[in-house]
Amino acid sequence: MSKFFKSDWFKCITVLLLLSVILGGTLAFLNDLLYVSPKERTQRAIKKIYGVEVTLKDEDILLDVDNGGEEESNEFGSIQKIYKINDDLLFKSTGGQGYKNGTITLWLKVVKTSDNYKIDKVVLDGYEKQTLMSKFSQSYYDKFLIDVTDSYNNGNGIFLFSPKDEVNKLQNPMTGATKSANAACNAVNTVIKYLTDNNFNVGGNA
Amino acid sequence: MKTNIKKIATDGVITNNPTLKLVLGTCPTLALTTMAMNGIGMGLAVTFVLICSNVLISLLRKIIPNQVRIPAFVLIIATFVTIVRLLLDKLLPDLYESLGLYLPLIVVNCIILARAESFASKNGVFASALDGLFMGIGFTLALTLMGAVREVLGSGAIFGVKLWDFQIGFFASSAGAFFTYAVFIALFAFFSSLISKAKHKKDALKEREENAVQLEKKEVE
C-alpha cells in the first residue's frame, strides 16, 4: 500500500486533482464576485444608446423575459425586451439564420416622430456562433437607419432588410460574412414586423 | 543566483521578441491588429496572464511532477485567462467585446506555454515574473505598432481618432495583416543584424586593443 502512495502515478493524479480543486474554487469565487447581472447588462446597453444611465420604472417595461415575460417571435427572430424610455421604444431583438444557424442580438431604439416610428439607433448586444463579428463595426449597424423605401420589399408592403441588398450595401463587402449579415438583418426585421403587426405606424427610416 | 534584470528585459522586448523574433502568438497578431487599441488591450491581457502564470508555475515547479507538467501548466494558464475574461467583462466591457473570440484563445497562445516550459519551470519566482512582464511588453509593443500602422493606413485613424479621409482598404483586410506582419519582421531582422554587426565590430576592436596592450607589456618585460 505504501508503495502505491509513493508511486509517480499517485503523485501525478494528486497534484492535478489538487490544482483543479484549488483553481476551480478560486474561479467559482471570482465568478460570483465579478458576475454581471442581466439588469447591469441592460443598463450598459441603455447607456451606450442614450449616453446616460436611465432608471426604468415598472410601467416603462413593456416586455422583459428576465422578469417572467414571454418573448415575441416571428419568422425572422424574437424580441426579449421592450422598454418605453421617454417617448421612444427600446427593443432587444435576436435575429436567426446566421452563420452555422447562429444568432445576432441587437438593441434598437425606435423613436416616435409626429405620426411615425422610425429606427434611430442600432447597437450590437451579443451573438452566437458568428466568427467574423469583430469585423462588423458600428458603421455597419448605422446602415439600418437609412430610408429603406428602395430596398427589398417582401410583397406585403413591409420594407425589410436583406444582406444581399445592393442599394443599401448591407452585405459587408470587406468580410463577406453574408450569413452573419443575414442574422443582423433578421434582428432588425423582427422589430419592423412586430411594429407592423401591432399596428404601429412604421415610416420614415423604418 | 543573481537575477540579470537587464538581460531578461532585452531578451523579452528585443532579442527574443515573441512576435517579431520568435514568431509566436501569430493568430491574435494577425486578427486583432486592425486597431492600435485592440493591440494594447490584447497585449495587456496576455501580459497579465504571462506574469501570473509564470509566478505560479515557478512557485509550483518543484511540486508538479515532470510527467504531468504540460496539463498542469494549461490548467494554470486557463485559470488566469478566465480571470482576465471576468475582469474585462466587469470593468472594461467595450474592450471585452472588441477582443471577442481571441480573449479565450489566449489559453492556446504559444508564448505563454513556451515561457512556462522554457523559463518559469526552471527559474525563481522573481526572475519568472520579470520574464513574463518583459515578454508581455515585447508582445504589446509589437501588436500596438502593427495596429497603429494598419489603423492609419487602413482606416485613416489612430486610436479611434480620425486623421484624414484617405485610406487603403487592403491594410484593414486579412491579406493586409500578413503583409504588414511580413514587413515588420523584415524590418526587425534588418535592424537586428545592423545592431549585431556593430556590436561584433566593437567587440573585435576592443579585443584587438587588448591584444596590442598585452603585446606591448610583453615587449617591455
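A quick note: this is a predicted structure, and the numbers were derived from the prediction, not measured.

### Thoughts on the overall build of chain A
Right, so step 1: Counting its regular elements, chain A contains five helices and six strands.
Right, so step 2: Along the chain direction, N to C, the helices and strands of chain A fall in the order α-α-α-β-β-β-β-β-β-α-α.
Right, so step 3: Taken over 206 residues, chain A has a buried fraction of 44%.
Right, so step 4: Of the roughly 11,300 Å² of accessible surface on chain A, a fraction of 52% belongs to carbon and sulfur atoms.

### Considering helix α8 (residues 174–220) of chain B
Right, so step 1: Taking 1.5 Å as the rise per residue, α8(B) with 47 residues should run 69 Å; its terminal C-alpha atoms sit 69 Å apart, in good agreement.
Right, so step 2: Looking only at α8(B), the buried set comprises B:Gly176, B:Ala177, B:Thr180, B:Tyr181, B:Phe184 and B:Phe188.

### Remarks on the confidence of the model for chain A
Residues and elements named next belong to chain A.
Right, so step 1: Considering every residue of chain A, the mean pLDDT works out to 80; 79% of them sit at 70 or more.
Right, so step 2: Of all the helices and strands in chain A, helix α1 (residues 2–6) carries the lowest mean pLDDT, 79, while helix α2 (residues 8–33) carries the highest, 93.
Right, so step 3: Note that residues 148–156 has pLDDT below 50 and, in this model, 16 contacts with residues that lie over four places away or in other chains.

### Observations regarding helix α7 (residues 125–155) of chain B
Right, so step 1: Here α7(B) is 31 residues long and its end C-alpha atoms lie 43 Å apart, about the 45 Å a rise of 1.5 Å per residue gives.
Right, so step 2: B:Gly156 lies just past α7(B) and shows a positive phi near 65 degrees.

### A look at the pattern of salt bridges
Right, so step 1: Applying the stated criterion to the full structure yields 13 salt bridges over all chains.
Right, so step 2: Salt-bridge contacts for A:Arg44 lead to A:Glu40; the nearest nitrogen and oxygen are separated by 4.0 Å. Of this pair, A:Arg44 and A:Glu40 both sit in helix α3 (residues 38–50), separated by four residues, roughly a single helical turn.
Right, so step 3: Classification of A:Glu40 by relative accessible area gives partly exposed; the value is 27%.
Right, so step 4: Between A:Glu75 and A:Lys193 there is a salt bridge; the shortest N-O distance is 3.8 Å. Placement of A:Glu75 in the loop between β2 (72–73) and β3 (77–85) and of A:Lys193 in helix α5 (residues 178–197) is noted, with a sequence separation of 118 residues between them.
Right, so step 5: Residue A:Lys193 is classed as buried on the basis of its relative accessible area of 14%.
Right, so step 6: Salt bridges sharing partners connect three or more residues here, namely A:Glu40, A:Arg41, A:Arg44, B:Asp89 and B:Lys90.

### A word on the packing of helix α3 (residues 36–59) of chain B against helix α6 (residues 110–120) of chain B
All names here are of chain B.
Right, so step 1: Viewed as axis vectors pointing N to C, α3 and α6 meet at an angle of 30 degrees, and their least axial separation amounts to 10 Å. As summarised for this structure, α3 and α6 are arranged roughly parallel, according to the angle between their axes. Between α3 and α6 lies a crossing of right-handed hand. Residues Val46, Val49, Leu50, Ser53, Asn54, Ile57 and Ser58 of α3 form the contact with α6, whose participating residues are Ile111, Ile112, Arg115, Ala116 and Ala120.
Right, so step 2: Each residue belonging to the contact of α3 with α6 can be placed in one class, and the counts come to eight nonpolar, three polar and one charged.

### So, the layout of surface pockets
Residues and elements named next belong to chain B.
Right, so step 1: Each pocket or cavity is described by its volume, and for the second largest pocket that value is around 460 Å³.
Right, so step 2: Lining of the second largest pocket is provided by Lys6, Lys7, Thr10, Asp11, Ile14, Thr15, Lys21, Phe188, Ser192, Ile195, Ser196 and Lys199.
Right, so step 3: Secondary-structure elements contributing two or more residues to the lining of the second largest pocket are α1 (5–15) and α8.
Right, so step 4: Looking at side-chain class alone, the lining of the second largest pocket contains three nonpolar, four polar and five charged residues.

Criteria and thresholds
- Residues numbered from 1 in each chain as written.
- Chains lettered and ligands numbered in written order.
- Predicted model: local features only at pLDDT ≥ 70, side-chain atom pairs only at ≥ 80, totals over all residues.
- Heavy atoms only, no water.
- Helix = DSSP H or I, 4+ residues; strand = E, 2+ residues; numbered from the N terminus.
- Buried < 20%, exposed > 50% of the residue type's maximum accessible area, 1.4 Å probe, protein only.
- Areas by Shrake-Rupley, 256 points an atom, 1.4 Å probe, with all protein chains shown as cover.
- Expected span 1.5 Å × (residues − 1).
- pLDDT = per-residue confidence, 0-100.
- Contact = heavy atoms within 4.5 Å.
- Salt bridge = Lys/Arg side-chain N within 4 Å of Asp/Glu carboxyl O.
- Axes fitted to C-alpha atoms, helices over the stretch in contact; angles between N-to-C directions.
- Parallel < 35°, antiparallel > 145°, perpendicular 65-115°, else oblique.
- Left-handed = near helix turned anticlockwise from the far one by under 90°.
- Nonpolar A, V, L, I, M, F, W, Y, C, P; charged D, E, K, R; others polar.
- 1 Å grid on protein atoms, 1.4 Å probe; cavity = no way out; pocket = protein on both sides within 12 Å on 5 of 7 lines; lining within 4 Å.
- Points joined across faces, edges and corners; volume = space filled by probe spheres on them.

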